[in-house]
Each structure stands twice: as C-alpha cells, then as structure tokens.
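# Survey of secondary and tertiary structure
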Amino acid sequence: MSDTLYRFTISPNGPVFDLPIYVALEEGIFEKNGLKVEFVDKYDPASSSQDPFKRQKEALYEAGVASAYNLCEWAGLDRSEKSSRGSQVFGLRPAVAAQAIITFDEDIQEPRDLENVAVGINELTGSHYTTLQLLEGAIPRDTIIVEHAGPPHERYQSLKDGKFKAIAIMEPFISLALKEGAHIVAVNFYRGAEVISPDVPADKRETYVASVNAAADLIRADFNRYKHHVVAELNGRLAPEELASHFVHYAHSRPLDEKRFDYTYEWMKTWNLTKGTSEYKRLVA
C-alpha cells in the first residue's frame, strides 16, 4: 500500500507548533488518508540566524527538500513574498499558541513598564510580531525596543543571564520560566500559517490539512497524552505534567481570508515589515 501513498515532506518547526503532525504520524492518520508524510530533518532547536532564510525550516524549504512548513502568520506572508522558490500560505495552522513577555524583574509588572526597555525576540518570527502588537497599545511606538536574541533556548538563557530584562517566548518555555520563578508581563495568542509549495496538488494540500485537523481533535480531547512531545526539547527540565494546558490551543486549520490578509498586511506595512507590493492572490493560495 505504501507505494501508492503521496510523499509529503515537512521542514520541522518547534514541537509545540508541529504537535498535530507528530500526532497524525503517531496515530496513522496521514497514511489512512493516502499520504506518506516525513520530516526531512530532525528539529534543531539551536538553528539560529538573523537572516530567516538561513534558519532550518526556511533553508530546507527553499532548497526544495521539503514540501511544506509552518510558522507564524506574519512570517508566512513575509517568507512567501521573499521566497526564491515560490510559496504561498495555504491556511492558518492548527496550533493557536501564546507568546508571553516574561521577566524575572520585579520592577516590570505590566506592559507600561517596558517603555524604552529592550525585549529579546527572534527577528521576524511570532515573538517579534506579537511583541509589537502587545506593546503598541500600551506605550508609544517610538519607545518600543525589540532586539534579536535568537531561538527560544538562547533567548531564555539570555534572560536568565541578565542580558535582557524581558523576552518574548512560547511553550514549553513559558511553563519552564514560571517554574523557575519568572512572571508574565503580557501574553498574546496568535494563529500561524501553513506554507505549502504550489507544486503540491491542491487535493493533496487539502488532505494534509484535513489530517492535521483530525490530529488537533485528538489533542484537544486529551492534551496530556501528547505533552511529552512538547517538553522533549528541554531534556528533563520540565516534566510533561508540568506543562500548562492554557498557553497553547489546537483548533482546525482554516483559510486566510482576504479581509484578514488586508488588515495583517497593512499592519506589517506600518512597521516597515513589508514593502507592501504584493496582492492577496500572490501570497495566499
């Protein structure tokens, strides 16, 4: 039967975002739906570059090794706009994750306390975009400072080492930080994007998304059963039962409609995060 399956290759993202893929593989959902889904490489949590296209997931996709990957919504538009291979956002991913601004500094208790305080982010990822969104309603734009601090492991260590007073981070690092004495200053849930090569037939794209949706249903029904996948990258520093259940949700993927695109794209333009020259049909499938 395996010879008849359509091969669909994935460039890995963090486990909290790729969990529906792990579950769909583990539970045989992809194979049942006629897909042979494979990660083309093991997730590298240390993959770091200020240039997004030199990071693991983007580099593998751009090299033509992978058919798809997921990332935050804004970055999905950015990468599709700048892709040398060609890509489009096929839909919003199932992982609805929180980025939290966290600190160990007792003098920082609310977003207003971050005026002219550098927040560590990973440039042009969810940590970057959500920090701008979280702070722009609380303090003047010209007092918002974000600085590239690398991937989650490096970002969190920079916070502990005192290189930053605050950072933006997602799970499992939110739960780890709270366990180790940090507190949350602000939190924002956001959808991500499924970037899939236009070379993949439309029906196979739809089958892939339907499969991760089915996996999201299983996670939502019993998140505890799958938490070990999310905490694995912490190498024992956080037990599965210590991972909070409220900083990430799993829902069905849905299309990125034109109204949402227009609002998102215009917002990106106001921060000079895009030149703003692309149309909806160019970036969204």
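For the structure itself, look to the data block above.
Cut-offs applied
- Residues numbered from 1 in each chain as written.
- Predicted model: local features only at pLDDT ≥ 70, side-chain atom pairs only at ≥ 80, totals over all residues.
- Heavy atoms only, no water.
- Helix = DSSP H or I, 4+ residues; strand = E, 2+ residues; numbered from the N terminus.
- Rg over C-alpha atoms; globule rule 2.2 N^0.38 Å.
- Buried < 20%, exposed > 50% of the residue type's maximum accessible area, 1.4 Å probe, protein only.
- Contact = heavy atoms within 4.5 Å.
- Lys, Arg positive; Asp, Glu negative; His and termini not counted.
- Charge placed at Lys NZ, Arg CZ, Asp CG, Glu CD.
- Salt bridge = Lys/Arg side-chain N within 4 Å of Asp/Glu carboxyl O.
- Pairing = 2+ DSSP bridges.
- Core = buried A, V, L, I, M, F, W, Y, C linked by side-chain atoms within 4.5 Å.
- Phe/Tyr/Trp six-rings, centres within 6.5 Å; stacked < 30°, edge-to-face > 60°.
- Expected span 1.5 Å × (residues − 1).
- Patch = residues over 30% accessible without salt bridge, like charges linked within 9 Å, V, L, I, M, F, W, Y side chains within 5 Å.
- Areas by Shrake-Rupley, 256 points an atom, 1.4 Å probe, with all protein chains shown as cover.

Time to look at the overall build of the chain. Looking only at helices and strands, one finds 11 helices and 11 strands in the chain. Relative to the 2.2 N^0.38 estimate, which gives 19 Å for 285 residues, the radius of gyration of the chain is 18 Å and therefore close to what a compact globule would have. Taken over 285 residues, the chain has a buried fraction of 57%. Long-range pairs, those at least 24 residues apart, make up 79% of the contacts in the chain between residues at least 6 apart in sequence. The average position of the 32 basic charges and that of the 42 acidic charges among the side chains of the chain differ by 3 Å.

Next up on the list: the pattern of salt bridges. Applying the stated criterion across every chain yields a total of 13 salt bridges. Two residues, Arg225 and Glu27, come together in a salt bridge whose shortest N-O distance is 3.1 Å. Of this pair, Arg225 sits in the loop between helix 8 (202-221) and helix 9 (227-231) while Glu27 sits in the loop between helix 1 (15-26) and helix 2 (29-32); the two residues are 198 residues apart in sequence, bridging distant segments of the chain. With a relative accessible area of 31%, Glu27 lands in the partly exposed category. Between Asp217 and Arg220 there is a salt bridge whose closest N-O contact spans 2.6 Å. Remark: Arg220 and Asp217 occur in helix 8; sequence separation between them is 3 residues, near one turn of the helix. Given a relative accessible area of 31%, Asp217 falls into the partly exposed group. Bridged by salt links that share partners, the residues Glu58, Asp78, Arg79 and Lys82 form one connected network.

Attention now moves to the pairing of strand 4 (residues 88-92). Counting buried positions along strand 4 gives 5 out of 5 residues, so the element sits mostly inside the fold. As paired strands, strand 4 and strand 10 (residues 192-196) are joined by 4 bridges and run antiparallel to one another. Among the inter-strand pairings, Leu92 is bridged to a residue of strand 10, identified as Ala193.

Here we take up the nonpolar core. Counting 92 residues, the largest nonpolar core has Leu19, Ile101, Leu114, Tyr208 and Tyr250 as the members making the most contacts within it. Of all the elements, helix 1 adds the most residues to this core, at 7 residues. The residues contacting Leu19, other than those within four sequence positions of it, are Ile219, Phe223, Tyr226, His229, Val230 and Tyr250.

Going through the model one piece at a time under the given rule, you end up with 12 aromatic pairs. When the centroid spacing of 4.4 Å and the interplanar angle of 10 degrees are considered together, the rings of Phe8 and Tyr208 count as stacked. Here Phe8, found in strand 1 (residues 6-10), pairs with Tyr208, found in helix 8; they are 200 residues apart in sequence, far enough to count as distant. For Phe8, a relative accessible area of 0% puts it in the buried group. On the basis of relative accessibility, which here comes to 1%, the residue Tyr208 falls in the buried class.

Taking 1.5 Å per residue, 12 residues should reach 16 Å; helix 1 reaches only 14 Å between its end C-alpha atoms and comes up short. Most of helix 1 is tucked away, with 10 of its 12 residues classed as buried. Turning to helix 1, its buried residues number three or more, namely Pro15, Val16, Phe17, Asp18, Leu19, Pro20, Ile21, Tyr22, Val23 and Ala24.

A grouping of Asp257, Glu258, Asp262 and Glu279 is seen on the molecular surface, where their side chains present a negatively charged patch. We classify Asp257 as partly exposed; its relative accessible area is 33%.

Inspection of the secondary structure puts Ser67 in the loop between helix 3 (56-62) and strand 3 (68-72). Apart from residues lying up to four places away in sequence, Ser67 is in contact with Phe8, Thr9, Tyr61, Val195, Ile196, Ser197 and Val200.

Any functional reading would require information that these geometric values do not contain.
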